[in-house]
Amino acid sequence: MDKTLLGGLTPRTFLRDYWQKKPLLIRGALPGFTGLIPRDELLALARDEDVESRFIEHDGRNWRLERGPLPASLLRRPKTRPWTVLVQGLNMLRPEADALMRRFSFIPYARLDDVMVSYATDGGGVGPHFDSYDVFLLQGSGRRRWQISEQTDLALVDGAPLRILKNFRPEQEWVLEPGDMLYLPPKCAHNGIAEGECTTYSIGFRTPSMQELVTGFLDHLRDEVCVSGMYADPDLTLQADPAQLPGAMVDKVEALLKTLTWSRKDVEQFLGRYLSEPKPHVFFDAPDDALSAARFAQRAVKHGVRLDGRTLLLRSGAHFWINGEPVDVTPGARAVLRELASTRALPAVPADGDTMNLLFEWYCDGFLHLGNRT
Ligand code: SIN
Ligand code: CO
């Protein structure tokens, strides 16, 4: 990992002292970085119906939010007015953005979310707010003033179309230049104001709520659980009011539910599936002219393979999950899959039958591509 990314801190020190704890300003985190895509390309993405985008404008008093796909007329707004366009999931659309996200691999993939890019005109921004996840705000082209506050008053303006803090009281501020980066832990209040036109890249993290985790696990359990027998009440006694739910019935069902148990393995299976599940709007494109299995194998041996930018491949020990599904891995394929999961590309694939069959299946699904370089 480049030494500059965390301002000379080792990932270990960063995790110990800053991660989820306190903000960190890193001057020259990526020296020479001026952004990944030109403004016009970014605005073109915001017009695409398959891309998640937002337009935000304010007149000093009121905020306006439009969700994409954005009409061209909106994107031709004069640059003399403060507005901004945000494009989510750039890592799935551009390999360079995926590569940028992978620079943050000192955090497990299970916690990485996406790269968002914003373009703003002078004075543009999304207003003072807080996020419930960690974020690295990397300055692309131009300059942006960041104001932050570790205030505990997180009350929001009522009725605004986006989450704006009612009483933002900046405690520190800096102007970020291209390649500078600001790390913010969850709930740290912040406000970014463009100084002239600028672009900012947000490397965001995935933070499921406890509620999401529990309901997700219960859903998982529903598909796994298998209980035999029928409800029976040979001991039924006469009751005065037939509308009354029999107390004995409640007792019996309570006793049944108390027999439900799960193991760490169930939890591991749930997390593997859940965290590798693509977001709802993500679809994979099967190759147009798919090669035969034999041709694929020939090329994979020579040129290697790489995962599609949208693919999520996670593992826990010898268990693997790809895009929401567990993978049936033979012991011989494990080492290769481990490398693929970790580095997301293989320079050359060994000509082993089991591994090749698996990779061919994923190639046909559009989960991976031939060639280890994009
Ligand atoms: C932006 O890039 O304008 C917004 C990023 C953020 O505040 O999280
Ligand atoms: Co934010």
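Note that the coordinates shown come from a computational prediction; the quantities given were computed from them, not determined experimentally.

Calculation notes
Residues numbered from 1 in each chain as written. Chains lettered and ligands numbered in written order. Predicted model: local features only at pLDDT ≥ 70, side-chain atom pairs only at ≥ 80, totals over all residues. Heavy atoms only, no water. 1 Å grid on protein atoms, 1.4 Å probe; cavity = no way out; pocket = protein on both sides within 12 Å on 5 of 7 lines; lining within 4 Å. Points joined across faces, edges and corners; volume = space filled by probe spheres on them. Nonpolar A, V, L, I, M, F, W, Y, C, P; charged D, E, K, R; others polar. Near = heavy atom within 4 Å. Polar contact = N/O pair within 3.5 Å; in protein donor to acceptor, adjacent residues only side chain to side chain. Areas by Shrake-Rupley, 256 points an atom, 1.4 Å probe, with all protein chains shown as cover. Helix = DSSP H or I, 4+ residues; strand = E, 2+ residues; numbered from the N terminus. Donors = N, O, S within 2.8 Å, 3.2 Å for Na, K, Ca; no water. Buried < 20%, exposed > 50% of the residue type's maximum accessible area, 1.4 Å probe, protein only.

## A closer look at empty space enclosed by the protein
- Tallied over the full model, the rule gives one cavity of 30 Å³ or more.
- Lining the largest cavity, in full, are Glu52, Gln88, Gly89, Met92, Asp114, Lys279 and His281.
- Along the lines of polarity and charge, the residues of the lining of the largest cavity split into one nonpolar, three polar and three charged.

## Quick look at the site of ligand 1
- Inspection of the region around ligand 1 gives Met116, Ser118, Val126, His129, Asp131, Leu137, Arg144, Trp146, His190, Thr200 and Ser202 as its neighbouring residues.
- Measuring from an oxygen atom of ligand 1, one finds a side-chain N or O atom of histidine 129 at 3.1 Å.
- Between an oxygen atom of ligand 1 and a side-chain N or O atom of aspartate 131, the distance comes to 3.4 Å.
- Protein contact buries 95% of the 260 Å² of open area that ligand 1 shows by itself.
- Among the elements of the structure, strand E5 (112-120), strand E7 (143-149) and strand E11 (198-205) are those that each provide at least two residues to the shell around ligand 1.
- The residue inventory of the shell around ligand 1, partitioned by class, reads four nonpolar, five polar and two charged.

## Let's talk about the coordination of the cobalt ion (ligand 2)
- Taken together, the protein ligands of the cobalt ion (ligand 2) are His129 (NE2), Asp131 (OD) and His190 (NE2), with distances of 2.1 Å.
- Coordination of the cobalt ion (ligand 2) draws on donor residues from a single chain, spaced H-x1-D-x58-H in sequence.
- Histidine 129 sits in the buried class, given a relative accessible area of 11%.
- The exposure class of aspartate 131 is buried, given its relative accessible area of 14%.

It is worth stressing that arrangement in space is one thing and function is another; only the former is reported here.
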